[in-house]
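Examining the three-dimensional arrangement
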Amino acid sequence: MAHRVTLIPGDGTGPELTEATRRVLEATGVEFEWDVRQAGADVMEQFGGNPLPDETIAAIRETKVALKGPITTPVGGGFRSVNVGLRKSLDLYAQVRPCKSYPGVRSRFDDVDLVIVRENTEDLYAGIEYEQGSADAEELIAWIESKGGTLRHRDAGISIKPISVTGTRRVFEFAFDYARKNGRRKITAVHKANIMKFSDGLWLHVAREVAEENTDIEFDDRIVDNMCMQLVQRPEEYDMLVLPNLYGDVLSDLCAGMIGGLGLAPGGNYGESVAVFEPTHGSAPKYAGQNKVNPMAELLSGMLMLRHLDELEAADRLEAAIADVIREGSSVTYDMKPSRDDPTAVGTSEVADAIIDKLGVRV
């Protein structure tokens, strides 16, 4: 039976990337029934100024799996991020960002194979903020002072960092389950519990509780600043990192830099019954319609989706085909060439063609 998948082309270069990925996914032999839906700055006028239409959210809830291209968040209009809005609406609490070295990619590292699991709903990204000088901020500062707290300077904007037992437990339970299903050997909880005793301290305490319930997977923890140093010194010692929202955002980009950049960094966002797969890079609107941008991150996100759908053999073949094309280096976009003005660079659709050839199917 065909897998029903919501396909969100996105905007900017998103439609080109998702079209290339759709063709490659179909070339694996897996059957799909695509439900195409819209989101982003380009479709706001069609949906009463809303870049994240209700019908798109409803479609994802129905199919339970979505593949999306990058989306531009409109400037102004009160929207902080379309991607964040999508994650909140569907309670996609666990973000998975694999960072893996592929031979043929220019990088200072050649031995990286990490999975970043980022808690997606809490921490400083929860959006509980008070603008400097506002009545609410003044009231909050007065309340803090009435409880014995002090601020070095009262002319402060304030962001509140909630980390809960519930949110922490479910992301670590997800991480141990993911490790088991995907043959990972160790989980490292990343934190700053030495300073933030009641938020990061809670994160670490709950992480250790969950680890005690999953002793078949090795577990340790690292303070976030030390973790950054260790990643660039000996990344081979680490396997899966589980982080609160802010640290997860920062370190996932650090790890992407270690494997050649965001153009090779896929992502998946998981809820209790829904999963959305997307590249971690932006929509690059200045390149829209030029058949120029690197589709590897979108293609690898499609590979993660195949694994989620239990199409493991197809996922393995697709990853091998992608790795072959990268290693050979002839059918890759300009950013993956030794020189960015290399005349032998190919376009987005031609990368897809090369991977389809490796899969042994033409569509």
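Just above, that's the structure.
Summary of the structure given here. (Residues numbered from 1 in each chain as written. Predicted model: local features only at pLDDT ≥ 70, side-chain atom pairs only at ≥ 80, totals over all residues. Heavy atoms only, no water.)

Attention now goes to the packing of helix 7 (residues 224-233) against helix 8 (residues 245-258). Helix packing geometry: the angle between the two helix axes and the distance between the axes. Taken N-terminus to C-terminus, the directions of helix 7 and helix 8 make an angle of 10°; their axes are 11 Å apart at the nearest point. It follows from the interaxial angle that helix 7 and helix 8 lie roughly parallel. Between helix 7, through Val224, Met227, Cys228 and Leu231, and helix 8, the contact on the second element is made entirely by Tyr247, Leu251, Leu254, Cys255 and Met258. Of the residues that constitute the contact of helix 7 with helix 8, the class distribution is nine nonpolar, no polar and no charged. (Axes fitted to C-alpha atoms, helices over the stretch in contact; angles between N-to-C directions. Helix = DSSP H or I, 4+ residues; strand = E, 2+ residues; numbered from the N terminus. Parallel < 35°, antiparallel > 145°, perpendicular 65-115°, else oblique. Contact = heavy atoms within 4.5 Å. Nonpolar A, V, L, I, M, F, W, Y, C, P; charged D, E, K, R; others polar.)

This brings us to the pattern of salt bridges. Counted by the stated rule, this structure contains 35 salt bridges. For arginine 154, the salt bridge is made with glutamate 145, and the minimal N-O distance between the two is 2.9 Å. Judged by relative accessible area, which is 37%, arginine 154 ranks as partly exposed. The residue arginine 169 makes a salt bridge to glutamate 173 at a minimum N-O spacing of 2.8 Å. You can see arginine 169 and its partner glutamate 173 sitting in helix 5 (residues 165-181), four residues apart, about one turn around the helix. Judged by relative accessible area, which is 38%, glutamate 173 ranks as partly exposed. Here the residues in one salt-bridge network are Lys100, Arg307, Asp316 and Glu319, joined through shared partners. (Salt bridge = Lys/Arg side-chain N within 4 Å of Asp/Glu carboxyl O. Buried < 20%, exposed > 50% of the residue type's maximum accessible area, 1.4 Å probe, protein only.)

What follows concerns the environment of glycine 201. For glycine 201, the location among the structural elements is in helix 6 (residues 200-212). In contact with glycine 201, not counting residues within four places along its chain, are Ala193 and Met196.

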